[in-house]
Amino acid sequence: MPRVPEKEKETERIKDEIASCNARGNPTMDIVGYSCIDELPKEISHLTKVRRINCHNNFRLSKLPDSFGDLYERLEQLNLSYNNLSEFPLCLCRLKYLTRLDLNNNNIQSLPTKVDQLKSLETLYLDSNYIMALPYTIVHLKNLKYLYLENNPLTREDDTDPMDPPVDPTITYCAVTGEELGDTTYSFVNFTDYAGNKRMPIHYVCGSEQARDMVIEEKDHEVVDYWTLKYD
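Just so it is clear, the model here is predicted, and its values are computed rather than measured.

**Q** Sorry if this is basic, but what is going on with the packing of aromatic side chains here?
**A** To describe a pair of aromatic rings, one takes the distance between the centres and the angle between the planes. For the structure on display, the rule yields 2 aromatic pairs. Plain terms: the ring middles of Y125 and Y148 are 4.7 Å apart, the flat faces sit at 25° to each other, and that makes the pair stacked. Residue Y125 is found in strand β5 (residues 123–125), and its partner Y148 is found in strand β6 (residues 146–148); the two are separated by 23 residues along the sequence. Relative accessible area serves as the criterion here: at 5%, Y125 is assigned to the buried category. A network of ring pairs unites the aromatic residues Y125, Y146 and Y148 as a single cluster.

Dropping the structure here:
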């Protein structure tokens, strides 16, 4: 009997997990740690009851099927970090109720102009990719609160060379409440230097994981409404 390739085995395993997830009515689907698949099966569109998909650390995963966009009615959170995506999947732009999208640590070089169709998006993680510029349409994401771009070769519109983000490593307190942030030094990036448009609903991007966690924690506890930071 011929040996079944590992890639096919993984694909069939994912199909079985999709069917099982539907049968149990689980709100979360995990597709994590596969080493051979390069594309998800089209049956992913069967997850009509799922609100959260964790699909990360699949080191060869480079493509999503167009049917992924059929999850637009319910999907709210999607983790695609630590995969091998070289492009922002266009099918994601159909996910009109998506509030959180994590694309950290892929090989993405640009975002499509259709990204502005993600009207419900509040948090977008794009750290550690190869993004040099953001599409102008990103300013239309009026619900976007957090955008993370650490470790990308971003450039200014009038400069073809990658720029270093304007960080201030001396900031150790919240300028709104005056509260100390602890012993760790936090750095922040001024988002307007990237977007070039002050109408953008985001004012600042966290430049370190510790700072990011602190901001999210403060927001969750409604300690502050926003963060104000000054640069010399």
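Additional details are given in the paragraphs that follow.
**Q** Just to check I follow, could you spell out the sheet that holds β6 for this structure?
**A** As a general point, the strands of a sheet are linked pairwise by backbone hydrogen bonds and lie either parallel or antiparallel. What the 6 strands build is an open sheet, ordered β1-β2-β3-β4-β5-β6; its pairing is parallel. Looking along the sheet, the strands with just one partner apiece sit at the ends: β1 (28–30) and β6. Averaged over all pairs of adjacent strands, the angle between their axes in this sheet comes to 5°, without regard to strand direction. Bridge count for β5 against β6 is 3 bridges, and the pairing is parallel. Residue pairing across strands places T123 opposite Y146, the latter belonging to β6.

**Q** What should I look at first to understand unusual backbone geometry in this one?
**A** With the exception of glycine, most residues fall at negative phi, and the peptide bonds are largely trans. A positive phi angle is found at N57, which is not glycine, with a value near 60°. For N57, the location among the structural elements is in the loop between β2 (52–54) and β3 (77–79). Non-glycine residue N105 carries a positive phi angle of around 55°. Here N105 shows up in the loop between β4 (100–102) and β5. Classification of N105 as partly exposed rests on a relative accessible area of 24%.

**Q** When you look at the environment of L126 in this model, what are you seeing that I'm missing?
**A** By secondary structure assignment, the location of L126 is in the loop between β5 and β6. Distance from L126 to N152, taken between C-alpha atoms, is 8.3 Å for residues 26 residues apart in sequence. Apart from the residues within four sequence positions on either side, L126 is in contact with L103, N104, L111, I131, L147, Y148, L149 and N152.

The rules behind the values
Residues numbered from 1 in each chain as written. Predicted model: local features only at pLDDT ≥ 70, side-chain atom pairs only at ≥ 80, totals over all residues. Heavy atoms only, no water. Phe/Tyr/Trp six-rings, centres within 6.5 Å; stacked < 30°, edge-to-face > 60°. Helix = DSSP H or I, 4+ residues; strand = E, 2+ residues; numbered from the N terminus. Buried < 20%, exposed > 50% of the residue type's maximum accessible area, 1.4 Å probe, protein only. Pairing = 2+ DSSP bridges. Axes fitted to C-alpha atoms, helices over the stretch in contact; angles between N-to-C directions. Contact = heavy atoms within 4.5 Å.

None of the figures reported here should be taken as evidence of function without further support.
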